[in-house]
Structure formats: C-alpha cells, structure tokens
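Chain by chain, the residues run as shown.
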Amino acid sequence: MLSSDFANLASEAERMLRFGADWLHMDIMDGAFCIRHFVPNLTIGAPVIESLRKHTKAYLDCHLMVTNPLDYVEPLAKAGASGFTFHVEVAKDCWQDLVHQIKAKGMQPGVALKPGTPVEEVYPLVEGENPVEMVLVMTVEPGFGGQKFMPETMDKVRALRKKYPSLDIEVDGGLGPSTIDMAASAGANCIVAGSSVFGAKEPANVISILRKSVQDAQHYR
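The following refers to the structure shown. (Residues numbered from 1 in each chain as written. Predicted model: local features only at pLDDT ≥ 70, side-chain atom pairs only at ≥ 80, totals over all residues. Heavy atoms only, no water.)

## Let's talk about the packing of aromatic side chains
Short version of the rule: Pairing of aromatic rings covers Phe, Tyr and Trp, the last counted by its six-membered ring, and requires centre-to-centre distances within 6.5 Å; plane angles under 30 degrees mean stacked, over 60 mean edge-to-face, and any other angle means tilted. Numbering of helices and strands starts at the N terminus; helices are DSSP runs of H or I of at least 4 residues and strands are runs of E of at least 2. Accessibility here uses a 1.4 Å probe with only protein chains present; expressed as a share of the type maximum, an area under 20% marks a residue as buried, one over 50% as exposed, and anything in between as partly exposed. A ring has a charge above it when a Lys NZ or an Arg CZ is no more than 6 Å from the ring centre and no more than 35 degrees off the ring normal.
Scanning the entire structure with this criterion turns up two aromatic pairs. With a centroid separation of 4.4 Å and an interplanar angle of 25°, the aromatic rings of Trp23 and Tyr59 are classed as stacked. Taken as a pair, Trp23 in strand β1 (residues 23-29) and Tyr59 in strand β2 (residues 59-65) lie far apart in primary sequence, 36 residues in all. Summarising the aromatic geometry, the rings of Tyr123 and Tyr164 are spaced 5.9 Å apart at their centres and angled 75° between planes, so their arrangement reads as edge-to-face. Here the residue Tyr123 occupies a position in helix α5 (residues 123-127), and Tyr164 occupies one in the loop between α6 (154-163) and β6 (168-172), the gap between them amounting to 41 residues. You can call Tyr164 buried: its relative accessible area is 11%. Against the face of Phe19 rests Arg18, its NZ or CZ located 5.3 Å from the ring centre.

Have a look at this one:
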C-alpha cells in the first residue's frame, strides 16, 4: 500500500482486494530524525492502521522498518493489525520476548531481513520454541518503493525453502511480471507488489500474473 494514493487509502484498499489481492501490505517506517532510526523515511503508523481497519476486514500485513519494534506491539494490536513482521537486525537480543508479545496480542509474527543480512540469522527464530510464522526476504534495500529487484537475494529464498518446506516466505521489493518467476521458482509464496500493481493500467491482470507464477512453481516443486 506504500504505492497507493494515501488520500484515498480506504478506497485503494477496496480496489486492490476487488482486483484479487489476498493481503494488504502496510509499510511502517520510523523516519530519519536521528541516526538511530532504521530507514530514511517516515510513513504510516498505528492511527492509520486503525482508520483503515474500520473500512476493511482484510489481513493487514504490517512490516515494521523501525528501531524499537517492541514499542509498536500494543499500539498496532489495538489498531487492528493482523501480521507483525519485524527486522532481525534490530531484534537479535529481544526476539523471544517480541514474538511472545506479538502472539499474545493475537497477531502473527514474522521476521524480515535486509539484502545484506546473512539468511542464517533468521534460522533461530524459525526453529525456536516459540517461532515466527513467516520470513520476509527484502529484495531491495528497505525504505522506499519503486526500487530495482535484486536477483542475488533469491539465494536466501532458496535456502529457506530447502530448509523449511512449509514455511511462508515473503518477498518484497521490485516484484512484478518481469521478476515474479525468479521469486516463485526460488520458493517464495507471499508476494508484495506495490509500484508494479498500482502503476499498471490493469492492476487485476498484474495480480493474476503474480498469483499464477507462484501457483505454477508450487505445482512443479
């Protein structure tokens, strides 16, 4: 939804669901007001999630590109978030508590990793006693939409799919008709697409292409 018309967020959400989207992916970033912030951009927060929730029953897949994800658990739960995906880079020392709190608030926990982060860093979170339920592999540097897909990140997706056959693996960044086959064949089954969908003349066709690629890859795996 980062690529949507924020002035008409509710109608944009309804439009995407009507066109065939399964989830609404909400990027939550903490801005660049000090060096400790995670990405150099500021986007939506819990108040916007709460407002959108009043207009949709859709799964709100919240991706937190923030320095202190623990601070966001309760506000986002109250706002109506469905999924809460945090970055491993900022949660190495607190992920057990974080996952516990996310689940206790009725949300599904996921962990994300930037392109430069070794995939091995998320293994403990998938294999832990209280594991995450999804891994998000960033296929661009987090912070801004419209970036170019990084095919080298597919090695991480392949490694995750081989190690965890039933895991939900999400990819985010530069996904569209020209790149979806690479992601799907590598093992990704949750596809985040912004610019390629919202910028298309026929968004429904793009969503259909993305879904078919994933379904075909799963069929032949």
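## Observations regarding the sheet that holds strand β3 (residues 83-87)
Under the convention used in this document: Strands qualify as paired when DSSP identifies two bridges or more between them. To get an axis, a line is fitted to the C-alpha atoms, and for a helix only the part in contact is used. The angle between two axes follows their N-to-C directions and goes from 0 to 180 degrees.
With respect to topology, seven strands assemble into an open sheet ordered β1-β2-β3-β4-β5-β6-β7, the strand pairing being parallel. A single partner strand is all that each edge strand has here, and the edge strands are β1 and β7 (190-192). The average angle at which neighbouring strand axes cross in this sheet is 25°, direction not considered. Pairing analysis gives three bridges linking β2 to β3, with the strands arranged parallel. Residue Asp61 lies in a different strand from β3, and its bridge partner there is Gly83.

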